[in-house]
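Residue-level structural notes
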Amino acid sequence: MAGTRRRGAGRGRPTLEEVAARAGVGRGTVSRVINGSPRVSDRTRVAVQRAVAELGYVPNRVARALAADRADAVALVIPEPETRLFAEPYFSDIIRGVGAGLADTDLQLLLTLIRTPKERQRFADYLAAHRVDGVLLVSVHADDPLPDLLERIEIPAVLSGRRSAHESVAYVDSDNTGGARAAVAHLVERGRTTVATITGPLDMYVAQCRLDGYRDALRAAGREVDPALAVAADFTEEGGRRAMRELLVRRPDLDAVFAASDVMAAGARQVLREQGRRVPEDVALVGFEDSAVARHMDPPLTSVRQATEEMGRAMARVLLEEIEGAAGRTAVPPRLVLPTELVARASS
């Protein structure tokens, strides 16, 4: 019986050299078989695979990664505080999608929050040492230096969203302008005459696009675009509350609000209730994302659905192609814009 055991009592883990000896080949040949190289005959491959099975050999992933000049890791970077990470469904959906997109690979996913300049510099040093094979960057602001750093040190990267219309790094985005346009057109069609908007931070291209869509829809309906009806916030619930209070001071006659995120719409809803405004009878309300927040609001929130989890999966897919070189190092990086869809509910 002892002769049929894969590992003798008291022995350490089998080595590459032992597999080579058992298969009657060189160490390099074993390495090529384990790494899937086509430069091995079928007969040799079978012999090595049999030796691996008999000895119970498990490849050392760290050694393999070093030999291939790979880290076997991908960083998912969110330059926001923990409060936003755990309060906003957008981030959890992106993380879920990225995790699903990497599930069938051997890559380790490293979640990194960047909240201060010191943390940003520490992560930049980490990147410069090529500790990861690629980076997924979420919630990108126009002045964020990380995308440019990633380009300089030639680490594959994919952004969730864009810094501008002329983004030079690969990205996956939603049709933010079209989604916002549909939301405001819906309010106009419902007979609303004074439509306000709560935007995201305007140093983010996503917020600019949703504001553009709001303006486009008003102009298409022959309406004047009144600057007093737009207040910038920060995609948080408290930001939505502050913006709603300001809008009611500026234009107490408003009868509709398009909020550029469901979370901000939830904050706006609280203020409207506090001030005795009924939704939708007095003020119609529409959000963006169609997250769980929208479905659980009272009344349920009309919202623009974006496929956030699919965005995460698509980001992972594009990054894997970049890492493997399947996308090619062309002058134009991969660009993917996913469609949006208005989901009408009782709030409008």
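Going along each chain's sequence as written, the residues are numbered from 1 onward. Restriction of local features to residues with pLDDT of at least 70 applies here, the model being predicted, together with a cutoff of 80 or more for giving and counting side-chain atom pairs; totals for whole chains, interfaces and linings are based on all residues. Excluding hydrogens and water, the side-chain figures rest on all heavy atoms present in the structure.

Turning our eyes to something else, we now look at the overall build of the chain. Secondary structure is summarised from DSSP: a helix means a run of H or I of at least four residues, a strand means a run of E of at least two, and numbering begins at the N terminus for each. The helix and strand tally for the chain stands at 14 helices and 12 strands. Taken against the 2.2 N^0.38 rule, which gives 20 Å for 348 residues, the C-alpha radius of gyration of the chain at 26 Å runs more than 25% over that of a compact globule. Overall, the chain is about 85 × 45 × 40 Å in size when its C-alpha atoms are taken along their principal axes. Burial analysis of the chain (348 residues in total) assigns 49% to the buried set. Only heavy atoms matter for contacts: two residues are in contact if any of them lie within 4.5 Å across the pair. Sequence-distant contacts, at least 24 apart, represent 70% of the contacts inside the chain between residues at least 6 apart. Throughout, radius of gyration means the C-alpha value; the globule benchmark is 2.2 Å times the number of residues raised to the power 0.38. Partly exposed describes any residue whose relative accessible area lies between the buried limit of under 20% and the exposed limit of over 50%, with all areas from a 1.4 Å probe on protein chains only and scaled to the type maximum.

This part is about the pattern of salt bridges. By convention in these notes, a salt bridge is any Lys or Arg side-chain nitrogen within 4 Å of a carboxyl oxygen on Asp or Glu. With the rule as written, the count across this model stands at 28 salt bridges. Close ionic contact of arginine 242 with aspartate 234 constitutes a salt bridge, the shortest N to O distance being 3.7 Å. Judged by relative accessible area, arginine 242 falls into the partly exposed class, the value being 45%. Put simply, aspartate 253 and arginine 251 hold a salt bridge, and the shortest N to O gap is 2.9 Å. Among the charged side chains, a network of salt bridges with common partners joins Asp93, Arg96, Glu309, Glu310, Arg313 and Arg317.

Another aspect to go through is the confidence of the model for the chain. Taken residue by residue, the chain gives an average pLDDT of 88. The fraction at 70 or more is 90%. Note on scores: pLDDT gives the predictor's confidence for each residue, bounded by 0 and 100. Under a pLDDT of 50 for its full length, residues 1–10 has, in the predicted model, 8 contacts with residues more than four places off or in other chains.

The pairing of strands in a sheet comes from backbone hydrogen bonds and takes either a parallel or an antiparallel form. In space, the 6 strands of this open sheet follow the order β2-β1-β3-β4-β5-β11, with parallel pairing throughout. The sheet terminates laterally at β2 (108–113) and β11 (335–338), the two strands that pair on one side only. Shown here is a sheet whose adjacent strand axes are inclined to one another by a mean of 15°, direction ignored. For two strands to be treated as a pair, DSSP must find at least two bridges joining them. Bridge analysis of strand β1 (residues 73–78) against strand β3 (residues 134–138) gives 4 bridges, and the strand direction is parallel. Interaxial angles span 0 to 180 degrees and are taken between N-to-C directions of axes, which are lines fitted to C-alpha atoms, for helices over the stretch in contact.

This paragraph deals with the sheet that holds strand β6 (residues 195–199). Judged by pairing direction, the sheet is mixed, and its 6 strands sit side by side in the order β7-β6-β8-β9-β10-β12 without closing on themselves. Looking at the sheet topology across the chains shown, the edges are occupied by β7 (230–232) and β12 (340–343). Direction aside, neighbouring strands of the sheet carry axes that sit 15° apart on average. For β6 and β7, the ladder comprises 3 bridges, and the chain directions are parallel. Residue pairing for β7: isoleucine 198 is matched across the bridge by valine 231. Helix-sheet contacts for helix α12 (residues 262–274) involve β6, β8 (256–259), β9 (284–289) and β10 (302–306), and the interaxial angle to β9 is about 155°.

Judged by which residues are buried, strand β4 (residues 157–160) turns out to be covered on both faces: Ala157 and Leu159 on one side and Val158 and Ser160 on the other are all buried. The parallel pair β3 and β4, bridged by helix α8 (residues 146–152), forms a crossover whose chirality is right-handed. For crossovers, right-handed means that the path from the first strand over the helix to the second runs clockwise, given strands pointing away from the viewer.

In this section: the environment of alanine 20. Position of alanine 20 relative to the elements: it lies in helix α1 (residues 16–23). Residue alanine 20 is classed as buried on the basis of its relative accessible area, which comes to 4%. The spatial distance from the C-alpha of alanine 20 to the C-alpha of alanine 51 is 7.9 Å, given a sequence separation of 31 residues. Leaving out residues up to four positions away in the same chain, alanine 20 has contacts with Val25, Gly26, Arg27 and Val30.

Turning our attention to the packing of aromatic side chains. Each aromatic pair joins two rings of Phe, Tyr and Trp (for Trp, the six-membered one) with centres within 6.5 Å, and gets the label stacked for planes under 30 degrees apart, edge-to-face for over 60, and tilted for any other angle. Applying the stated rule across the entire model yields 3 aromatic pairs. Geometrically, the ring pair formed by phenylalanine 123 and tyrosine 126 is stacked, given 6.3 Å between the ring centres and 20° between the ring planes. Taken together, the residues phenylalanine 123 and tyrosine 126, both in helix α7 (residues 117–128) and 3 residues apart, mark about one turn of the helix. Owing to a relative accessible area of 6%, phenylalanine 123 belongs among the buried residues under this scheme. Should the NZ of a Lys or the CZ of an Arg lie within 6 Å of a ring centre and within 35 degrees of the ring normal, that charge is described as sitting over the ring. Above the plane of the ring of phenylalanine 288 lies arginine 210, whose end atom (NZ or CZ) is 3.7 Å from the centre.

The subject of this paragraph is the packing of helix α11 (residues 237–250) against α12. Where α11 contacts α12, the two axes come as close as 7 Å, and the packing angle between them is 45°. One element, α11, and the other, α12, form an angle in the oblique class. Between α11 and α12 lies a crossing of right-handed hand. Contacts from Glu237, Gly240, Arg241, Met244, Arg245 and Leu248 of α11 reach α12 at Val263, Met264, Ala266, Gly267, Ala268, Gln270, Val271, Leu272 and Glu274. Oblique is the label for any angle not covered by the other classes, which are roughly parallel (under 35 degrees), roughly antiparallel (over 145) and roughly perpendicular (65 to 115). Handedness of a crossing is defined here by the sense of rotation of the near helix relative to the far one, left-handed for an anticlockwise turn of less than a right angle and right-handed for a clockwise turn.

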